[in-house]
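The primary structure of each chain is shown beneath.
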Amino acid sequence: MQKNQFIALLYGWIVVFGIILISSFVLALILNFTSFERPGLEWATLIIGLVALFSGGITAGIKGKAKGWMIGGTIGLGFSLIIFLVQYLGYQQGFSLEQSLYHLAYLAVALLGGIIGVNVAGEPSE
């Protein structure tokens, strides 16, 4: 992988985890000060995750300017790997079928974001 693509991945992961951290803080405040219930929280976290990975894929695609599917896929796989490691090493639990489907959706959205980002960026840099 070229240095340019590694930098693009770094930017993409920073965007993903930045959005996740900020939205987690906001959700924590909402849960603390309102009567927001758990079913709404599950949908909110799914949507936030999809938006974060799409945004990270677009950012990485724009920075990478080539191979958007590979950059977006790496963003999605890296995110899923980190979540799996935290869950497995921290809580001794693997992914359930439902979580696996969510992470497949995350991967697909990150791939789509990477492809769109490359096409938005224009001509590839040499």
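What you are looking at is a predicted structure, and each value in this text was computed from that prediction instead of being measured. (Residues numbered from 1 in each chain as written. Predicted model: local features only at pLDDT ≥ 70, side-chain atom pairs only at ≥ 80, totals over all residues. Heavy atoms only, no water.)

**Some words on the overall build of the protein chain**
Phase 1: A count of helices and strands for the protein chain gives four helices and zero strands.
Phase 2: Considered along the principal axes of its C-alpha atoms, the protein chain spans approximately 50 × 30 × 20 Å.
Phase 3: Every one of the 126 residues in the protein chain was classed for burial, and the buried ones make up 28%.
Phase 4: Look at the contacts in the protein chain between residues 6 or more apart in sequence, and 79% of them connect residues 24 or more apart.
Phase 5: On the protein chain, roughly 7,900 Å² of surface is accessible, and the fraction owed to carbon and sulfur atoms is 71%.
Phase 6: Of the charged side chains in the protein chain, 5 are positive and 5 negative; the average position of the first set lies 15 Å away from that of the second. (Helix = DSSP H or I, 4+ residues; strand = E, 2+ residues; numbered from the N terminus. Buried < 20%, exposed > 50% of the residue type's maximum accessible area, 1.4 Å probe, protein only. Contact = heavy atoms within 4.5 Å. Areas by Shrake-Rupley, 256 points an atom, 1.4 Å probe, with all protein chains shown as cover. Lys, Arg positive; Asp, Glu negative; His and termini not counted. Charge placed at Lys NZ, Arg CZ, Asp CG, Glu CD.)

**Observations regarding the packing of aromatic side chains**
Phase 1: Counting across every chain of the model gives four aromatic pairs.
Phase 2: Ring plane angle 40° and centroid distance 5.9 Å describe the contact between Phe-17 and Phe-79, whose orientation is recorded as tilted. With Phe-17 in helix H1 (residues 3-33) and Phe-79 in helix H3 (residues 68-91), this pair connects stretches of sequence that are 62 residues apart.
Phase 3: For Phe-17, a relative accessible area of 25% gives the class partly exposed.
Phase 4: Ring centres of Phe-79 and Tyr-106 lie 5.6 Å apart, and the angle between their planes is 85°; this geometry places the pair in the edge-to-face category. Linking Phe-79 in helix H3 with Tyr-106 in helix H4 (residues 97-121), this pair joins segments that are 27 residues apart in sequence. (Phe/Tyr/Trp six-rings, centres within 6.5 Å; stacked < 30°, edge-to-face > 60°.)

**Remarks on H3**
Phase 1: In this model, H3 (24 residues) spans 34 Å end to end at C-alpha, consistent with the 34 Å of a helix rising 1.5 Å per residue.
Phase 2: If you check which residues of H3 are buried, you get Gly-68, Ile-71, Gly-72, Gly-73, Ile-75, Gly-76, Gly-78, Phe-79, Ser-80 and Gln-87.
Phase 3: Those residues of H3 hidden inside the fold are in contact with H1, helix H2 (38-64) and H4.
Phase 4: One or two residues past the end of H3 sits Gln-92, with phi positive at roughly 55°. (Expected span 1.5 Å × (residues − 1).)

**Thoughts on the confidence of the model for the protein chain**
Phase 1: Looking at the protein chain, the pLDDT average stands at 90 and 96% of residues meet or exceed 70.
Phase 2: Ranking the helices and strands of the protein chain by mean pLDDT puts H4 first, with 93, and H2 last, with 91. (pLDDT = per-residue confidence, 0-100.)

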